[in-house]
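Examination of the molecular architecture
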Amino acid sequence: MTSPDPPRAPVIEVRSLSKHYGRRNEVRAVDRLSLEVYPGETFGLLGPNGSGKTTTIRMLNGIVRPTSGRAVVNGYDISTQMDDVKRSTGLLAESPGLYEKLSPREYLEFVGSLYDVDMKLLKDRAERLLELFGLEQRGDDLLEGFSRGMKQKVLIAAALIHDPPIVFLDEPTSALDPLASLVVRDLIKDLAEKAGKTVFVSSHILSLMEEVCDRIAIIDRGKAVAVGTVTEIVELSGTSTLEDAFIKLTGGTGHPDALSWRKAVAPA
Ligand SMILES: Nc1ncnc2c1ncn2[C@@H]1O[C@H](COP(=O)(O)OP(=O)(O)O)[C@@H](O)[C@H]1O
Ligand SMILES: [Mg+2]
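Now for a look at the structure at hand. (Residues numbered from 1 in each chain as written. Chains lettered and ligands numbered in written order. Predicted model: local features only at pLDDT ≥ 70, side-chain atom pairs only at ≥ 80, totals over all residues. Heavy atoms only, no water.)

1. A closer look at the nonpolar core
Our working definition: Take the buried Ala, Val, Leu, Ile, Met, Phe, Trp, Tyr and Cys residues and link them wherever side-chain atoms come within 4.5 Å; each set so joined is a nonpolar core. Accessibility here uses a 1.4 Å probe with only protein chains present; expressed as a share of the type maximum, an area under 20% marks a residue as buried, one over 50% as exposed, and anything in between as partly exposed. Note on contacts: a residue pair is in contact if any heavy atoms of the two residues lie within 4.5 Å.
Counting residues in each nonpolar core, the largest one holds 50 residues, and the members touching the most others are Leu169 and Ile216. Leaving out residues up to four positions away in the same chain, isoleucine 216 has contacts with Phe43, Gly44, Leu46, Met209, Ala226, Val227, Gly228, Val230, Ile233 and Leu242. Counting 23 residues, the second-largest nonpolar core is a separate cluster that includes Val11, Val64, Phe168 and Ala217.

2. Some points on the pattern of salt bridges
The cut-off we apply is this: In the sections that follow, a salt bridge refers to a side-chain nitrogen of Lys or Arg positioned within 4 Å of a carboxyl oxygen of Asp or Glu. Each helix is a run of H or I in the DSSP string that is no shorter than four residues. Each strand is a run of E no shorter than two, and both are numbered from the N terminus.
In total, this model carries 21 salt bridges according to the counting rule given. Aspartate 163 is the salt-bridge partner of lysine 197, the closest N and O atoms lying 2.8 Å from each other. Of this pair, lysine 197 sits in the loop between α6 (178–193) and β8 (198–203) while aspartate 163 sits in the loop between α5 (148–159) and β7 (166–170), and the two are 34 residues apart along the sequence. Given a relative accessible area of 8%, lysine 197 falls into the buried group. Its relative accessible area of 42% is what places aspartate 163 among the partly exposed residues.

3. What to know about the coordination of the magnesium ion (ligand 2)
Here is the rule: Here the term donor refers to an N, O or S atom within 2.8 Å of the metal (or 3.2 Å for Na, K and Ca), and because water is left out of the atoms, sites may appear incomplete.
At the metal site, the magnesium ion (ligand 2) is ligated by Thr54 (OG1) and Glu94 (OE), and these contacts range over 2.0 to 2.7 Å. With threonine 54 in helix α1 (residues 53–60) and glutamate 94 in the loop between β6 (89–92) and α3 (104–114), this residue pair connects regions lying 40 residues apart in the sequence.

4. Things to note about α5
Cut-off, in case you're wondering: Given the number of residues in a helix, its expected span is that number minus one, multiplied by 1.5 Å.
In this model α5 runs 16 Å from its N-terminal to its C-terminal C-alpha over 12 residues, within 8% of the 16 Å that 1.5 Å per residue would give. With 11 of 12 residues buried, α5 lies mostly within the body of the structure. Of the positions making up α5, those classed as buried are Gly149, Met150, Lys151, Gln152, Lys153, Val154, Leu155, Ile156, Ala157, Ala158 and Ala159. On its buried side, α5 packs onto β6, α3, α4 (119–132), β7 and α6.

5. Here we look at the sheet that holds β7
The criterion, for reference: Two strands are counted as paired when DSSP detects at least two bridges linking them. Here, axes are lines fitted to C-alpha atoms. For helices the fit covers the stretch in contact, and angles between N-to-C directions go from 0 to 180 degrees.
Here 6 strands make up an open sheet; going across it, the order is β6-β7-β8-β3-β9-β10 and the pairing mixed. Every interior strand has two partners, whereas the edge strands, β6 and β10 (223–228), have only one. For this sheet the average axis-to-axis angle between neighbouring strands, irrespective of direction, equals 15 degrees. Relative to β7, β6 runs parallel, the two sharing 4 bridges. Paired with leucine 91 across the strands is phenylalanine 168, a residue of β7. Packed onto the sheet, α5 meets β6 and β7 and runs at close to 160 degrees relative to β6.

6. A closer look at the layout of surface pockets
Our working definition: Cavity and pocket criteria rest on a 1 Å grid covering protein atoms alone: a 1.4 Å probe that fits but cannot get out defines a cavity, protein on both sides within 12 Å along at least 5 of 7 lines defines an open pocket, and an atom within 4 Å of a point defines a lining residue. Grid points are joined across faces, edges and corners, and a volume is the space filled by probe spheres set on the points. Note on residue categories: nonpolar means Ala, Val, Leu, Ile, Met, Phe, Trp, Tyr, Cys or Pro, charged means Asp, Glu, Lys or Arg, and polar means any other residue, Gly included.
The volume enclosed by the largest pocket comes to roughly 380 Å³. For the largest pocket, the lining is made up of 20 residues, of which Leu91, Val111, Tyr115, Ala158 and Ala159 are closest to its centre. For the lining of the largest pocket, the secondary structure elements donating two or more residues are β6, α3 and α5. Split by residue class, the lining of the largest pocket holds 14 nonpolar, 5 polar and 1 charged. Of the pockets and cavities examined, the second largest pocket occupies roughly 260 Å³. Forming the boundary of the second largest pocket are 15 residues, of which Glu94, Pro96, Arg148, Gln152 and Ala175 lie nearest the centre.

7. Digging into a nonpolar patch on the surface
Quick reminder of the rule: Each patch groups residues whose relative accessible area exceeds 30% and which form no salt bridge, using 9 Å between like charges and 5 Å between nonpolar side chains of Val, Leu, Ile, Met, Phe, Trp and Tyr. Per-residue and other accessible areas were derived by the Shrake-Rupley procedure at a 1.4 Å probe size, with only the shown protein chains allowed to occlude residues.
A surface patch of nonpolar side chains, about 420 Å² in accessible area, is lined by Tyr99, Phe110, Leu114 and Tyr115. Among the structural elements, tyrosine 115 can be located in the loop between α3 and α4. Relative accessible area serves as the criterion here: at 36%, tyrosine 115 is assigned to the partly exposed category.

8. Quick look at the packing of α5 against α6
Rules: To sort the angles, those under 35 degrees are grouped as roughly parallel, those over 145 as roughly antiparallel, those from 65 to 115 as roughly perpendicular, and the leftovers as oblique. Note on convention: near helix rotated counterclockwise from far helix by under a right angle means a left-handed crossing. Clockwise means right-handed.
Interaxial distance between α5 and α6 falls to 9 Å at its minimum, and their mutual angle equals 25 degrees. On the basis of their axis angle, the class for α5 and α6 is roughly parallel. When you trace α5 past α6, the crossing you get is right-handed. Taken together, the residues of α6 that come into contact with α5 (itself represented by Gly149, Gln152, Lys153 and Ile156) are Ala180, Val183, Val184, Leu187 and Leu191. Here the residues of the contact of α5 with α6 sort into 6 nonpolar, 2 polar and 1 charged.

9. Some remarks on the packing of aromatic side chains
Stated formally: Ring pairs shown here join Phe, Tyr and Trp side chains whose ring centres sit within 6.5 Å, with only the six-membered ring taken for Trp; geometry is labelled stacked below 30 degrees between planes, edge-to-face above 60, and tilted in between. Think of it as a cone above the ring: NZ of Lys or CZ of Arg counts as a charge over the ring if it is within 6 Å of the ring centre and within 35 degrees of the ring normal.
Summed over the entire model, instances satisfying the criterion amount to 4 aromatic pairs. Ring centres of phenylalanine 168 and phenylalanine 200 lie 5.0 Å apart, and the angle between their planes is 40 degrees; this geometry places the pair in the tilted category. With phenylalanine 168 in strand β7 and phenylalanine 200 in strand β8, this residue pair connects regions lying 32 residues apart in the sequence. A relative accessible area of 0% places phenylalanine 200 in the buried class. Grouped by ring-pair contacts, the aromatic residues Phe43, Phe168 and Phe200 constitute a single cluster. The ring centre of phenylalanine 146 lies 4.2 Å from the NZ or CZ of arginine 138, which sits over that ring.

Everything listed here is a matter of coordinates, which is why it stays silent on function.
Set out below in structure tokens:
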């Protein structure tokens with residue numbers, strides 16, 4: 001939770017990155033986005049539904065190609081070195097599937113085999129991940145009997161099985177109940193602090209982002225409208241909370257989504 005000082009060379013560098021969809025490219029899912037993420041930091045992409053978070057993450061994982069602009073991830077160009085990018089990153093997708101008839105140990109070994117990880121190394125790594133995530137006692141139980149929070153832990157462990165330096169978590173707590181969400185929040189903190197990973201997390205949940213991120217980019221309709229620590233964003237916007245900063249920076253007056261988004265995330 002400390003700001004990196006002084007900033008080293010970024011491990012993710014995004015320059016005017018755009019992705020357009022539609023027959024005439026009329027949907028600007030991501031619109032000239034620029035940002036940097038430094039090694040070891042937990043960086044958050046905060047924005048309402050449809051603001052371009054998942055599209056950004058897909059591009060930065062070498063899954064979809066940008067329409068224009070460029071990004072370098074772990075030294076690799078996302079447009080021309082997609083395989084190297086994929087080896088550099090682990091991804092918890094927004095709605096991932098899980099093989100319920102496997103145990104965590106089997107699932108980790110299965111995912112690792114897809115990455116061609118050597119079997120001995122794979123078994124060692126699976127054990128370390130089960131331990132790090134507090135799952136060693138349940139390593140052989142079938143996933144079908146696990147709670148959502150426990151399943152999410154296993155999915156995050158699987159995203160780390162090829163030991164990537166960078167891990168992307170797309171809406172990691174959005175489908176979880178409050179207790180499971182707490183478990184996953186603690187785990188996200190451990191990823192940077194104990195496992196030394198660079199973490200890139202996307203969410204529309206303000207409290208999650210405030211708690212786990214060193215720096216945040218607020219994204220709105222595909223554009224970054226503010227990047228910095230929570231304190232910097234609040235100062236920049238002349239407000240007193242991240243929530244107010246969000247409303248102001250995304251055009252709270254007259255922004256069609258701002259009010260409904262506020263209702264959706266504000267505590268009752
Ligand atoms: N494959 C696609 N085809 C067409 N439009 C898409 C596609 N993926 C995303 N979009 C559109 O791009 C915008 C951003 O979507 P997305 O990146 O999923 O946002 P978020 O993850 O922030 O909710 C939305 O308007 C969405 O409908
Ligand atoms: Mg999304």
